[in-house]
Each structure stands twice: as structure tokens, then as C-alpha cells.
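Structural features, examined
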Protein chains: 2
Amino acid sequence: MIMNRLPDKTVERLSQYRRTLNNQLAKGKTHIFSHEIANLLHITPVQVRRDIMLIGYSGTLRKGYDIKEMIELIGTIIDTDQGVKIAVIGMGNLGKAFIHYMYEKQTKLKIVAAFDINPDKIDKTYEDVYCYHLDRLEEIIKELGIGIAIIATPPEVASPLADRLKEAGIRGILNYTPRPLSPREGVYLEEHDMITSLEKVAYFVKA
Amino acid sequence: MIMNRLPDKTVERLSQYRRTLNNQLAKGKTHIFSHEIANLLHITPVQVRRDIMLIGYSGTLRKGYDIKEMIELIGTIIDTDQGVKIAVIGMGNLGKAFIHYMYEKQTKLKIVAAFDINPDKIDKTYEDVYCYHLDRLEEIIKELGIGIAIIATPPEVASPLADRLKEAGIRGILNYTPRPLSPREGVYLEEHDMITSLEKVAYFVKA
DNA sequence: ATTTGCCTGTTAATAGAATAACAAGGCAAT
DNA sequence: ATTGCCTTGTTATTCTATTAACAGGCAAAT
Ligand SMILES: NC(=O)c1ccc[n+]([C@@H]2O[C@H](COP(=O)([O-])OP(=O)(O)OC[C@H]3O[C@@H](n4cnc5c(N)ncnc54)[C@H](O)[C@@H]3O)[C@@H](O)[C@H]2O)c1
Ligand SMILES: NC(=O)c1ccc[n+]([C@@H]2O[C@H](COP(=O)([O-])OP(=O)(O)OC[C@H]3O[C@@H](n4cnc5c(N)ncnc54)[C@H](O)[C@@H]3O)[C@@H](O)[C@H]2O)c1
């Protein structure tokens with residue numbers, strides 16, 4: 001199947017569709033209509049159908065979409081076959097929350113290592129994830145074949161860290177530090193900051 | 001100043017501009033050019049100028065923008081005078097990370113209460129934030145005048161919780177649960193899920 | 001057998017956001 | 001004073017995303 005680069009937002013929704021579909025499958029459903037998916041995710045049915053069109057899938061006319069097929073198809077699009085290995089840098093509250101969150105999730109994404117500089121955290125295992133000293137960053141990334149890094153360190157170190165990560169061969173960074181990172185050639189970057197979200201909510205609440 | 005509803009994305013950036021401007025002010029700068037702001041945030045100068053235009057501010061021609069003035073103006077737009085009070089529901093790793101993050105930040109946004117159902121967490125203070133039993137949710141929201149809630153509980157309880165929050169008079173919800181909430185009349189909703197972000201990164205890394 | 005109703009798939013229209021283009025102002029150097 | 005160079009402010013264009021519109025098809029009801 002020839003697939004042009006999908007729109008950003010469609011990719012985000014595919015991830016959500018899959019999660020929802022998995023839930024429905026677990027409940028014993030085998031087929032689902034676009035408006036059912038839409039209701040579960042609180043978006044419009046048209047948008048669901050449009051996204052499905054973009055990935056080249058087709059439902060059957062009066063039965064809707066085959067849940068299992070669709071889950072698998074989404075898998076071939078957003079997963080890689082071998083799965084993606086992830087590292088968390090900074091084992092504070094936030095880093096731990098992420099590891100806890102990903103623990104025992106059935107996705108192809110797997111947090112396989114954590115890094116810190118605080119001796120209290122190093123060489124300990126938190127929910128199956130081993131924490132290494134930051135000095136070993138490049139070594140472990142190579143050894144385990146880690147592709148994506150989540151930055152959850154204090155803001156000051158985010159930028160130099162991103163440089164090291166790029167050099168070490170990391171292909172994608174998820175930055176939770178409030179310090180925005182400059183895009184680096186060949187490294188996909190995604191950022192999120194709570195204060196920005198909160199101030200946005202506050203603004204629209206005020207109006 | 002008559003101000004139409006600002007675009008979503010502009011509001012997000014205003015929050016970031018202010019943070020950056022505060023940093024620069026602390027370094028002793030008094031004026032700043034659009035391209036300097038742009039570099040610090042890794043966006044384009046045009047976009048900075050356009051946003052500034054939308055809020056009706058003007059810089060001086062060869063000196064750029066007066067940092068102090070601009071910080072104040074952004075304040076009048078996204079802050080409310082009395083500040084906004086915030087509650088965190090769910091004092092797990094994530095809830096604690098948020099409280100820690102907001103602690104001692106100089107913004108008008110203030111986390112003033114936490115709620116949980118686990119006796120180990122209740123009636124304790126974490127970084128100046130007191131944790132109440134969920135039973136007292138409505139009472140405390142009214143008493144303290146809380147306007148925004150951050151949901152960091154297990155996913156199952158998110159939806160009923162949102163109903164209670166609405167009834168209690170909450171105007172904005174920031175949902176960090178992977179369960180999408182349906183919009184509720186009169187309550188501004190913002191959501192973020194790490195797995196979606198990760199899968200998005202994974203997709204674009206793969207391509 | 002025909003009609004009705006309800007889905008899908010796709011194209012067309014609209015809205016929203018980012019980028020490009022450029023006029024105008026003023027400082028600095030000459 | 002004139003020229004050249006930056007920088008702002010704003011309008012126009014392009015790009016991206018969402019929503020609307022509708023043709024096509026099948027199943028069930030009449
Ligand atoms: N985006 C958001 O919504 C959000 C929310 C909360 C916190 N934050 C940010 O996330 C970051 C982490 O927050 P937290 O609450 O977990 O903080 P924390 O202080 O609990 O954890 C930081 C961890 O990073 C470690 N660390 C320090 N320097 C390091 C280095 N050079 N390399 C590797 N590890 C290092 C520390 O030892 C500590 O374990 C902070 O930058 C904070 O501002 C963001
Ligand atoms: N969006 C993200 O990026 C992200 C990341 C990590 C975790 N999460 C989600 O955030 C939530 C919290 O994660 P965590 O790691 O802090 O989990 P956690 O288990 O550490 O914390 C959950 C807390 O909620 C409390 N709680 C349970 N039921 C409650 C109720 N009815 N009312 C109030 N409090 C209640 C528990 O006592 C506990 O303290 C989970 O839903 C998790 O899936 C989201």
C-alpha cells in the first residue's frame with residue numbers, strides 16, 4: 001500500500017483509535033461504526049471516516065469496520081516491526097510517573113532504560129526499568145538500540161542533553177522540560193508544558 | 001482595548017513569550033527584537049510580530065519591544081486580577097510532579113488544594129498543598145473559590161469526576177488521564193496523553 | 001419489488017494557522 | 001542630505017485541518 005505522509009493530527013488520532021478499538025475488542029465487539037468511534041472519542045464521525053480513508057482501509061457497508069483488522073492496520077502504520085525502545089532521562093516525579101504509566105501497557109513502545117545523575121537513583125530498578133548513570137548514556141543507547149528519549153530533567157540541562165542524544169543516534173525526543181529545544185536535523189521533536197496548558201485554560205475560562 | 005477572542009495557538013505562545021521575557025528581564029535586558037524572541041522559542045520572527053499585533057502592542061522601531069511593558073500587557077490578557085486557583089485530583093506520581101512543578105513559580109496560577117481517596121495521602125501537606133478527602137470536593141472548591149481542576153486519577157474515575165467538578169462550579173479542566181472526556185457545557189477542556197505523543201514521535205521517526 | 005433509512009467513501013467548501021511579501025519609518029554612516 | 005540597512009506592522013498567500021455535501025449501496029420494511 002502506497003501511503004503518503006499522513007497529516008500530523010491524523011497520526012495522533014490513529015493512536016487514540018487503536019486504544020479505543022482495543023477496549024471495544026476486549027468487550028467482545030467485532031465491528032464498529034464511525035459514529036460509535038466518534039462518540040467514544042468525542043469527535044465527529046466524518047473525521048473518523050476521513051482518517052480511515054487516508055490510511056486506505058474500508059469498512060463493510062452495513063456492519064461498519066472490522067475492529068481487529070483495523071487495529072492491525074493501524075499497527076502496520078504507526079508501529080515498527082521490532083518495536084521502539086525508549087529511554088527516560090531524569091528519574092524524578094515526572095520520570096517515575098511515565099515509567100509507571102507505560103508499565104504493562106501492551107504497546108510496541110517500551111521504556112527500556114532510565115538515566116540520572118543522583119546516586120540515590122542509579123543502579124536501582126523501578127518497575128523493571130533499570131536506572132543508569134548519565135555517563136553511560138551513549139553506551140547504553142547503542143547497546144540496547146534505543147530510538148526515542150523522554151527528557152524529564154531540570155530545564156537547564158535539556159539543551160546540552162539533546163545534543164548528546166542526537167550524537168548518540170536518537171531519532172525522536174519528547175521534551176517535558178519548560179525550556180523549548182531547537183529542532184535538530186534528523187531528530188523529531190515533540191514538547192509539552194503544563195503551565196502553557198494551564199494558562200490557556202485560564203484564558204478561555206476568563207473570556 | 002477591544003480584544004476579539006485570540007486564536008488558540010496565539011494564547012499558547014503568549015504564555016511562552018511571557019516566560020521568556022521574564023528570563024530576559026532577569027538578565028538585565030530592557031528591550032528585545034522579534035527575532036530574538038523567535039530564536040529563544042525556536043519559531044519565526046514573523047509569527048512573533050503577528051501575535052504581538054493581535055494583542056495590540058507596538059514596539060519602537062529600532063529598539064524592539066519594551067520587555068516590561070509587554071510582560072504587563074500579556075498579564076492583563078491571560079491573567080485574571082485575583083489570580084486563578086487550581087485543584088489537583090489524584091496525588092500519585094503525576095499529581096505530585098505537578099505540585100512540585102508549580103511550587104514557587106511566580107505565576108498567577110496557584111495550586112491551592114489536592115484531593116485523593118487514599119488515607120495515606122489525605123490530611124497531609126505536600127509542598128504547601130493540603131490534601132483533602134474527595135468527599136470534601138464540592139465544599140472546598142466553593143470555600144476556596146477554585147476555578148480549574150487537574151485530573152490525575154486513575155482513568156476509570158475521570159468521567160464521573162468531571163461531572164462533579166462541573167456541578168461544583170469548576171470552569172476549566174486539564175485532563176491527564178488517557179480516557180478522553182466529553183466536552184461539558186461551560187467548562188473549557190484541555191487534554192494531554194503521553195502515549196499519543198510517543199506514538200506520534202515513533203511514526204515520524206519511522207518515516 | 002419498491003421504498004425507506006442508514007452507513008460508507010470521496011470530493012468540495014470553510015475555517016484556522018503559518019508563512020511570505022512588502023510598505024514605511026528611522027538610525028547610522030557617509 | 002542622502003544612501004543603505006534594519007526593524008516593525010500589516011496585508012496577501014499558502015498550507016493544514018475540519019466540516020459539509022452528497023453519491024452509492026445494501027438491508028430491512030412495506
Ligand atoms: N511538562 C510538564 O507538564 C511538567 C510537569 C512537571 C514538571 N516538569 C518539568 O519536568 C522536569 C522534571 O520534573 P520533576 O518533577 O520530575 O523534577 P525532579 O526534581 O523530581 O526530577 C529531576 C530528576 O532529574 C535528575 N537530574 C538532574 N540533573 C540531571 C542530568 N544532568 N541528567 C540526568 N538526570 C538529571 C535529578 O536527579 C532528578 O532525579 C523539570 O524540568 C520540570 O520543570 C514538566
Ligand atoms: N497524560 C500522561 O502523559 C500521563 C502520564 C502518566 C500517567 N498518566 C495517567 O495519570 C493518572 C495518574 O497517574 P499516576 O502515575 O499519578 O498514578 P498513581 O496510581 O500514582 O496515582 C493515582 C492517585 O489517584 C488516587 N485516586 C484513586 N481514585 C481516586 C478518586 N476516585 N479520586 C481521587 N483520587 C483517586 C490514588 O489514591 C492515587 O494517589 C493515570 O490515569 C495515568 O494513566 C498520564
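Computed from a predicted model, the values in this text were never measured in an experiment. (Residues numbered from 1 in each chain as written. Chains lettered and ligands numbered in written order. Predicted model: local features only at pLDDT ≥ 70, side-chain atom pairs only at ≥ 80, totals over all residues. Heavy atoms only, no water.)

Next up on the list: the site of ligand 1. Surrounding ligand 1, one finds 26 residues, the nearest of these being A:Leu94, A:Asp116, A:Thr153, A:Tyr176 and A:His192. Between a nitrogen atom of ligand 1 and a main-chain N or O atom of A:Tyr176, the distance comes to 2.9 Å. Contacts to ligand 1 include A:His192, whose backbone N or O atom sits 2.9 Å from a nitrogen atom. Considered on its own, ligand 1 offers 850 Å² of accessible surface; in the complex 86% of this is hidden by protein. Only helix H5 (93-102) of chain A together with helix H5 (93-102) of chain B provide two or more residues apiece to the shell around ligand 1. Counting residues per element, the shell around ligand 1 draws most heavily on H5(B), at 4 residues. Across the shell around ligand 1, the residue classes tally to 15 nonpolar, 8 polar and 3 charged. (Near = heavy atom within 4 Å. Polar contact = N/O pair within 3.5 Å; in protein donor to acceptor, adjacent residues only side chain to side chain. Areas by Shrake-Rupley, 256 points an atom, 1.4 Å probe, with all protein chains shown as cover. Helix = DSSP H or I, 4+ residues; strand = E, 2+ residues; numbered from the N terminus. Nonpolar A, V, L, I, M, F, W, Y, C, P; charged D, E, K, R; others polar.)

What follows concerns the sheet that holds strand E5 (residues 125-126) of chain B. All names here are of chain B. The 7 strands are arranged E5-E6-E4-E3-E7-E8-E9 in an open sheet whose pairing can be described as mixed. Each edge of the open sheet is held by one strand with a lone partner, namely E5 and strand E9 (188-191). Two strands pair when backbone bridges link them, and strand E3 (residues 84-89) and strand E4 (residues 109-116) are joined in this way by 6 bridges, in the parallel orientation. Paired with Ile86 across the strands is Ile111, a residue of E4. (Pairing = 2+ DSSP bridges.)

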